[in-house]
Amino acid sequence: MTTDLPTNIAYLDKLVAAMPTAAQAIFGRIFHVSTTVGQLDPPETMRQWIEGYFGSVEAVKSQRIVKITNLVTMEGSLFNELRASRPMEAKASSDLEETIMSNLGDPFCKPLEGTPADTFGRVRGKHSITASNVAKYDGLHGVVVFDEHNPLVFSSGEVSDYLDTALAWARKAHDVDREARYFFFLWNCLWKSGASILHGHAQMTLSRDLHYAKVEHLRRSALRYRETHGVNYFDDLYAAHKALGLTLESGNTRILAYLTPIKEKEVLLISEELDQDLKDSIYKVLRSFVERLGVQSFNLALYHKPFDSAQDRPITDVEEDWSGFPVVVRIVDRGDPNNKTADIGAMELYAASVIASDPFRVAEALREELISV
Ligand SMILES: [Zn+2]
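In what follows, the accompanying structure is described. Small disclaimer: the values here were computed from a predicted structure and weren't measured.

Topic: the overall build of the protein chain
Now for step 1: The number of helices and strands found in the protein chain is 14 helices and 13 strands.
Now for step 2: Over its C-alpha trace the protein chain gives a radius of gyration of 22 Å, about what one expects of a compact globule, namely 21 Å for 373 residues.
Now for step 3: Over its C-alpha atoms, taken along the principal directions, the protein chain stretches across nearly 65 × 55 × 40 Å.
Now for step 4: A burial count over the protein chain gives 53% of its 373 residues as buried.
Now for step 5: Put simply, of all contacts in the protein chain between residues at least 6 apart along the chain, 71% involve residues at least 24 apart.
Now for step 6: A total of about 17,100 Å² of accessible surface is found on the protein chain, and carbon and sulfur atoms cover 51% of it.
Now for step 7: One finds the centroid of the 40 positive side-chain charges in the protein chain at a distance of 2 Å from the centroid of its 52 negative side-chain charges.

Given below as structure tokens:
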């Protein structure tokens, strides 16, 4: 971009206004941006405390706030200049390492004895093995138990293997139940993310009749977008981010630091297929999260077309239109595992997400990692 404006999310309105007209049109089809300034009058007695936390009293007296809404999906985020301008530094936690290692010997360390198998058996990967989830949230619900105990220790080959193993499990599950075709892969890392077992593991389900509500909502939103504008939503979403310098490409995978993140540092990966490029890209993004952005607890979700269509087999009983729907991976930071306060509250559940991390800084970190790999 040819502008002297600060690449700061709080100035998104000005950055958009400086974009080429064609890019602005695409951006405007998807996003609505509203900027305001919050003001306050602190008593003298608060001066020291404010300076300690925010650098100066002036910085908090007037705060620039931007509300971004994705008009297609109705996801929304609120950014405050004060929070967004804080540097994002990786900080090591020796306590966490200790907690993780003190859990060695948990049931997932010996999966054959500590976990149930599915009725159709287990899938053995190169660095993992599947188990049947004890308390299922869907009829077909499995776990990829990593050979590696520490969930923050992973290589490119291991991440690739976890995805391959989950897919192999899904094919097996689909052979058992042909009606089950909606594949979903998730990875909750450490308790802040909702993981109940500390040992590294991912999960996958194969659902029947209709994909999960949020995936189906995205499919319907993208379809409506194509019907209205005649173009693919995901292509435009990427173009809107690219015009702002929030994207990067890794082989066939398109990566973006999302403008309406569900919570901190959310990154989207978009690919036509669940191919090697995507698997490698997932690894690189996770690596940059852990190594460069100090992330310790995260969620990863993978959206996929119904299973039969992904296999290029005829879809016999899926009525809905999945054409143009890519594989979408979403990765989000869930905050410091040592912090007792939950990272989401009523705002995130019922209104819009309050975000402290600037997507521009996230994009920078990703770029550094992907260039250095
Ligand atoms: Zn373990």
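Text resumes after the structure shown.
Quick notes on the sheet that holds strand 8 (residues 247-250)
Sheets are built from strands paired through backbone hydrogen bonds, the pairs being either parallel or antiparallel.
Now for step 1: The nine strands lie next to each other as 4-5-7-6-11-12-10-9-8, forming an open sheet whose pairing is antiparallel. In this open sheet, the two edge strands, each paired with only one partner strand, are strand 4 (128-132) and strand 8. Strand after strand, the sheet turns through a mean of 20 degrees between neighbouring axes, direction not considered.
Now for step 2: Sheet topology note: the strand 4/strand 5 (residues 141-146) ladder contains five bridges and is antiparallel.

Some words on the packing of aromatic side chains
Now for step 1: Considering all chains together, one arrives at 18 aromatic pairs under this definition.
Now for step 2: Relative to tyrosine 53, the ring of tryptophan 49 lies with its centre 4.8 Å away and its plane at 35 degrees, an arrangement referred to as tilted. Remark: tyrosine 53 and tryptophan 49 occur in helix 3 (residues 47-54); sequence separation between them is four residues, near one turn of the helix.
Now for step 3: For the ring pair phenylalanine 146 and tryptophan 187, a centre distance of 5.1 Å and an interplane angle of 85 degrees mean the geometry is edge-to-face. Separated by 41 residues along the polypeptide, phenylalanine 146 in strand 5 and tryptophan 187 in strand 6 (residues 180-189) bring together distant segments of the chain. Judged on exposure class, the residue phenylalanine 146 and its partner tryptophan 187 are both buried.
Now for step 4: Over the ring of phenylalanine 154 we find arginine 287; its NZ or CZ atom is 4.7 Å from the centre of that ring.

A word on the pairing of strand 9 (residues 253-257)
Along any regular strand, the residues point their side chains to alternate faces of the sheet.
Now for step 1: When you tally the buried positions in strand 9, you get five out of five residues, the bulk of the element.
Now for step 2: By the alternation rule, side chains of strand 9 split into Thr253, Ile255 and Ala257 and Arg254 and Leu256, which are all buried.
Now for step 3: Pairing geometry for strand 8 and strand 9, over four bridges, is antiparallel. If you follow glutamate 249 over to strand 9, its bridge partner there is arginine 254.
Now for step 4: Here strand 9 runs beside strand 10 (residues 267-271); their pairing, made up of four bridges, is antiparallel. Pairing of isoleucine 255 across the sheet is with leucine 269, part of strand 10.

Observations regarding the packing of helix 8 (residues 156-176) against helix 11 (residues 276-292)
Relative placement of two packed helices is described by the angle separating their axes and the distance separating the axes.
Now for step 1: Two numbers describe how helix 8 lies on helix 11: the axes approach to 9 Å, and their chain directions differ by 125 degrees. Comparing their axes, helix 11 and helix 8 come out oblique. Where helix 8 crosses over helix 11, the two elements pack in a sense that is right-handed. Each of Ser156, Val159, Ser160, Leu163 and Asp164 in helix 8 lies in contact with helix 11, whose residues at this interface are Gln276, Lys279, Asp280, Ile282 and Tyr283.
Now for step 2: Its residues placed into classes, the contact of helix 8 with helix 11 shows four nonpolar, three polar and three charged.

With respect to the coordination of the zinc ion
Now for step 1: Distances from the zinc ion to its protein donors, Asp106 (OD), Cys109 (SG), His149 (ND1) and His199 (ND1), fall within 2.0 to 2.2 Å.
Now for step 2: If you look at the zinc ion, its four donor atoms make angles of 92 to 121 degrees with each other, and the shape they trace is tetrahedral.
Now for step 3: The class of aspartate 106 is buried, set by a relative accessible area of 8%.

What to know about the state of the cysteines
Now for step 1: The tally for this structure, following the rule as stated, stands at zero disulfides.
Now for step 2: Cysteine cysteine 189 shares no disulfide, and the gap to the nearest cysteine sulfur, in cysteine 109, comes to 15 Å.

A short note on the layout of surface pockets
Now for step 1: Of the volumes computed, that of the largest pocket is approximately 1,000 Å³.
Now for step 2: Lining the largest pocket are 32 residues, and of these Lys214, Ile262, Glu266, Tyr303 and Arg330 lie nearest its centre.
Now for step 3: In terms of residue class, the lining of the largest pocket is made up of 17 nonpolar, eight polar and seven charged.

Brief notes about the pattern of salt bridges
Now for step 1: Applying the stated criterion across every chain, the model contains 24 salt bridges.
Now for step 2: Residue aspartate 175 pairs with arginine 178 through a salt bridge whose shortest N-O separation is 2.7 Å.
Now for step 3: Where glutamate 364 meets arginine 361, a salt bridge forms, and the shortest distance between an N and an O atom there is 2.9 Å. Taken as a pair, glutamate 364 and arginine 361 lie in helix 14 (residues 359-372) at a separation of three residues, close to a single helical turn.
Now for step 4: By relative accessible area, which is 33% here, glutamate 364 ends up partly exposed.

Cut-offs applied
- Residues numbered from 1 in each chain as written.
- Predicted model: local features only at pLDDT ≥ 70, side-chain atom pairs only at ≥ 80, totals over all residues.
- Heavy atoms only, no water.
- Helix = DSSP H or I, 4+ residues; strand = E, 2+ residues; numbered from the N terminus.
- Rg over C-alpha atoms; globule rule 2.2 N^0.38 Å.
- Buried < 20%, exposed > 50% of the residue type's maximum accessible area, 1.4 Å probe, protein only.
- Contact = heavy atoms within 4.5 Å.
- Areas by Shrake-Rupley, 256 points an atom, 1.4 Å probe, with all protein chains shown as cover.
- Lys, Arg positive; Asp, Glu negative; His and termini not counted.
- Charge placed at Lys NZ, Arg CZ, Asp CG, Glu CD.
- Pairing = 2+ DSSP bridges.
- Axes fitted to C-alpha atoms, helices over the stretch in contact; angles between N-to-C directions.
- Phe/Tyr/Trp six-rings, centres within 6.5 Å; stacked < 30°, edge-to-face > 60°.
- Lys NZ or Arg CZ within 6 Å of the ring centre and 35° of its normal.
- Parallel < 35°, antiparallel > 145°, perpendicular 65-115°, else oblique.
- Left-handed = near helix turned anticlockwise from the far one by under 90°.
- Nonpolar A, V, L, I, M, F, W, Y, C, P; charged D, E, K, R; others polar.
- Donors = N, O, S within 2.8 Å, 3.2 Å for Na, K, Ca; no water.
- Tetrahedral: all angles 85-135°; square planar, octahedral: opposite > 155°, others 65-115°.
- Disulfide = S-S within 2.5 Å.
- 1 Å grid on protein atoms, 1.4 Å probe; cavity = no way out; pocket = protein on both sides within 12 Å on 5 of 7 lines; lining within 4 Å.
- Points joined across faces, edges and corners; volume = space filled by probe spheres on them.
- Salt bridge = Lys/Arg side-chain N within 4 Å of Asp/Glu carboxyl O.

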